[in-house]
Structure formats: structure tokens, C-alpha cells
Amino acid sequence: MRLRNISGSREIIGESRFVIHDPEAQKGNWHKIFGNNDPIRIEIGMGKGRFLMDMARMFPSVNYVGIEKYSSVLLRAIQKMEKEEKPLSNVRFIRMDAEMIGDVFGEGEVDRIYLNFSDPWPKDRHAKRRLPSREFLARYDGILKEDGQIEFKTDNEDLFRFALEELEPAGWKAERVSYDLHHDVDMRKDNIMTEYEERFSSMGNPIYKYVIVRQR
């Protein structure tokens, strides 16, 4: 997907109070950013921020950090936050590449990771760039607390099957798996949709989801 560059987006992001501008300096100290000891959950590739902000409203005693590499997309999330009658105090944004995540969060600092409709990187030579790949699972292992979870949703069946195949060699296991989330009575409970999810499901596309933990 080619993203349109929006003039001035980097400048707006650089001035936004909702964006953490020196995330590497916060490693191991994210509770100070939020001013509490509530759990910290992150969404990698948050898009326009709908999922993250809806989660923050539903769970005000959880802190959420949204990570997005594209300035033009992050800008939309900032604009949504600015339209809030009362900005969400438990949400912060970072503009960065997910490969740097180990430089930003400390060991065991994150409670849960959300991967929603990640770029499938369909060419085999790009498999290491896929967010549910074993390479990224190793990165997540370094920042998740001992019983931390990863939740992954996609409408791409090939990517989902790839993600499942990566679990065992990476030292993870699936606790819950659905090949049709919106028709899964148990897993659809309390499901918060992203912009992409609403669009794809309205077209009749099945949504795939897993919840994984480390192997014991």
C-alpha cells in the first residue's frame, strides 16, 4: 500500500504533546511517563489509532502506547486525539520502526502486545520483516513480562498460517486461535475493531486471530 505524504506532518508530530519524542530515553521508565504503575500495553502498527483509543476508554487503568512508522498515518491518530473532549491520559504515541522496540522498552516492562492487520510482506525474502515472524517474536520476548501475551489479528490467511508456523521454533504457543473471529462466540466477546477490520469484515472477509504466550 502506497501512503500519501502529507505536507507538514513531521512538524505537527514533532510538536504534539501526545507523542514521545525521545522514546529510547524512556526505556525502563515508562511508568514515569504515565505517572502510575498500571500495566503497559503496546500496539505495533497502530494506524489511525481507533483500536488503541477505544481500548484506552474501555480500560482506563491500563496504559497504552501506539507505535507507528509512517508520519502521515500517525498524524491522523494525533488529530483524533485532539478532537477528544477530554484527551486520554493513558495513551501515548511513538513514531518509530518496530525493529527498534528493544531499544525503547525494558525487560518485562510490557504487559501485552497487539498486532493488528500488519503488513504481510508477501515476498519470501521479506519474511523477517513480518511482525509475527520468529525474528520479531524474539524481540517481543525481551520486553514482555513473564506471563505476557501477544494478540494478532489479520484478514490475510497466508500471513496467519505463516504466523502459526513460526510459534514453535520461536518458543511460543497459541492459547486461543480463531479462523473466523466474528463468528467465534468466545473470541469475539469484547472484541474491539480497527478501521481495517471493520472494512474487511463488511466485505465478508473472515478475520483471523491468535493469542499466544511463551512455551513453559
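Shown above is the structure to which this text applies.
Residues numbered from 1 in each chain as written. Predicted model: local features only at pLDDT ≥ 70, side-chain atom pairs only at ≥ 80, totals over all residues. Heavy atoms only, no water.

A. Seen up close, helix H6 (residues 157-170). An ideal rise of 1.5 Å per residue puts 20 Å on 14 residues; H6 measures up with 20 Å between its terminal C-alpha atoms. Taken together, the buried positions of H6 are Leu159, Phe160, Phe162, Ala163, Glu166 and Leu167. Projected onto a plane normal to the axis of H6, the buried residues spread over an arc of 155 degrees and lie on a single side. Within H6, the exposed residues directed more than 90 degrees away from the buried face are Asp158, Glu165, Glu168 and Pro169. For H6, the capping residue at the N-terminal end is Asn156, with a side-chain oxygen 3.1 Å from the backbone nitrogen of Asp158. After H6 finishes, the residue Gly171 shows a positive phi value of roughly 85 degrees. (Helix = DSSP H or I, 4+ residues; strand = E, 2+ residues; numbered from the N terminus. Expected span 1.5 Å × (residues − 1). Buried < 20%, exposed > 50% of the residue type's maximum accessible area, 1.4 Å probe, protein only. Arc of directions from axis to C-beta. Polar contact = N/O pair within 3.5 Å; in protein donor to acceptor, adjacent residues only side chain to side chain.)

B. Quick peek at the nonpolar core. Ile42, Ile44, Phe105 and Ile113 are the most contacted members of the largest nonpolar core, which has 35 residues in total. When residues in this core are grouped by element, the largest group, 5 residues, is from H6. When residues no more than four places from it in sequence are discounted, the contact partners of Ile113 are Ile42, Ile44, Tyr140, Ile143, Leu144, Gln149, Ile150 and Glu151. Met46, Leu88, Val91 and Ile192 belong to the second-largest nonpolar core, a separate cluster that totals 20 residues. (Core = buried A, V, L, I, M, F, W, Y, C linked by side-chain atoms within 4.5 Å. Contact = heavy atoms within 4.5 Å.)

C. The sheet that holds strand S6 (residues 172-178), seen in detail. Strand order in the open sheet made by the 7 strands is S3-S2-S1-S4-S5-S7-S6, with mixed pairing throughout. Of all strands in the sheet, those bounded by a partner on one side alone are strand S3 (91-95) and S6. Direction aside, the axes of adjacent strands within the sheet are offset by 20 degrees on average. Bridge analysis of strand S5 (residues 144-154) against strand S7 (residues 208-214) gives 5 bridges, and the strand direction is antiparallel. Residue Lys153 lies in a different strand from S7, and its bridge partner there is Lys209. With respect to the sheet, helix H3 (residues 50-58) is in contact with strand S1 (40-44), strand S2 (63-68), S3, strand S4 (110-116) and S5, its orientation differing from that of S2 by roughly 175 degrees. (Pairing = 2+ DSSP bridges. Axes fitted to C-alpha atoms, helices over the stretch in contact; angles between N-to-C directions.)

D. Region of the structure containing a positive patch on the surface. A contiguous patch of positive charge, built from Lys48, Arg76, Lys83 and Arg199, is present on the exposed surface. Relative to the helices and strands, Arg199 resides in helix H7 (residues 195-202). (Patch = residues over 30% accessible without salt bridge, like charges linked within 9 Å, V, L, I, M, F, W, Y side chains within 5 Å. Areas by Shrake-Rupley, 256 points an atom, 1.4 Å probe, with all protein chains shown as cover. Salt bridge = Lys/Arg side-chain N within 4 Å of Asp/Glu carboxyl O. Lys, Arg positive; Asp, Glu negative; His and termini not counted. Charge placed at Lys NZ, Arg CZ, Asp CG, Glu CD.)

E. Here's a closer look at the packing of helix H5 (residues 134-141) against H6. Between H5 and H6, whose axes approach to 9 Å, the crossing angle comes to 55 degrees. Overall, the two elements H5 and H6 adopt an arrangement that is oblique. Note on packing geometry: the crossing formed by H5 with H6 is right-handed. Facing Arg134, Glu135 and Leu137 of H5, the residues of H6 in contact are Glu166, Leu167, Pro169 and Ala170. Considered class by class, the residues forming the contact of H5 with H6 number 4 nonpolar, no polar and 3 charged. (Parallel < 35°, antiparallel > 145°, perpendicular 65-115°, else oblique. Left-handed = near helix turned anticlockwise from the far one by under 90°. Nonpolar A, V, L, I, M, F, W, Y, C, P; charged D, E, K, R; others polar.)

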